[in-house]
Amino acid sequence: MQEPPMYYEKGDYIETLTGNKVSRKSVLCGSMNIRLHGKTIIKPGAVIRGDLANVIVGRLSLIGDNTVIRPSYKRFKSGIAFFPLTIGDHVTIDEGSVVEAASIGSYVSIGKNCIISKRCIIKDCSSIPDNTILAADTVVPPFTEYRGAPGLFYQELQESWIEVQKEKTTSYYERFQAVQTQK
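Caption draft 1: Region of the structure containing the environment of Asn 54. Relative to the helices and strands, Asn 54 is located in the loop between β7 (47-49) and β8 (55-57). Judged by relative accessible area, which is 37%, Asn 54 ranks as partly exposed. Along the backbone, Asn 54 and Val 22 are 32 residues apart, and their C-alpha atoms lie at a distance of 18 Å. With near-sequence residues (within four places) excluded, Asn 54 lies in contact with Asn 33, Pro 71, Pro 84 and Leu 85.

Caption draft 2: Spotlight on helix α1 (residues 161-175). Spanning 15 residues, α1 covers 21 Å between terminal C-alpha atoms, matching the ideal 21 Å at 1.5 Å per step. Those residues of α1 lying buried are Trp 161, Gln 165, Thr 169, Ser 171, Tyr 172, Tyr 173 and Arg 175.

Caption draft 3: Layout of the state of the cysteines. Scanning the entire structure with this criterion turns up zero disulfides. Just so you know, Cys 125 is unpaired, no disulfide at all, and the nearest cysteine sulfur is the one on Cys 114, 18 Å from it. Looking at Cys 125, the relative accessible area reads 4%, which means it is buried.

Parameters and conventions
Along each chain, residue indices are assigned from 1 in the same order as the chain's sequence is written. Note on the predicted model: pLDDT of at least 70 is required for a residue's local features to be given, and 80 or more for side-chain atom pairs to be given and counted; whole-chain, interface and lining totals, by contrast, use all residues. Computation of side-chain values covers all heavy atoms of the structure but excludes hydrogens and water. Counting from the N terminus, the helices are DSSP H or I runs at least four residues long and the strands are E runs at least two residues long. Exposure is judged per residue with a 1.4 Å probe applied to protein chains only, and the accessible area is read against the type maximum: over 50% gives exposed, under 20% gives buried, and values in between give partly exposed. Note on definitions: a residue-residue contact is assigned when non-hydrogen atoms from the two residues lie within 4.5 Å. To estimate the expected span of a helix, subtract one from its residue number and multiply by 1.5 Å. We call a pair of cysteine sulfur atoms a disulfide when they lie within 2.5 Å.

As structure tokens, this is what we get:
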């Protein structure tokens, strides 16, 4: 069964040549250090901190409402070093989550109100359900689900996870349509 379209006011989003849809109510700090590879949706209230280090977001990814994405850091005697953050293709980060990971692979689903702590590495084809808190330096292996507080291994994912996540992000992008209201 096909889900109905989701409409947004055309003036509320900026659409780039590569199909990215960025809410005018989102905050992109250091936009010259933020690269969106195409067909990415950034919802209202999302904050991406490109002023700290490079942030790269892959194709057909979704950054949810009120999500904070900032590069991770490490303290040294001489100061603080920020590390670039790479987010793969077909990634969903749902509303209210805070992501401070070192890298997030492709085909990853992060639920609502999750906290991904400093320098976490989430490998391809992983799932982090709602309200999960990953401790600093956690490595989530491929085809696994981590949940809880602190986030621990819960179960392995099916090999079809790639197709499930690809369908989820592609259909969401296709259903997310602009509507022009008459004034």
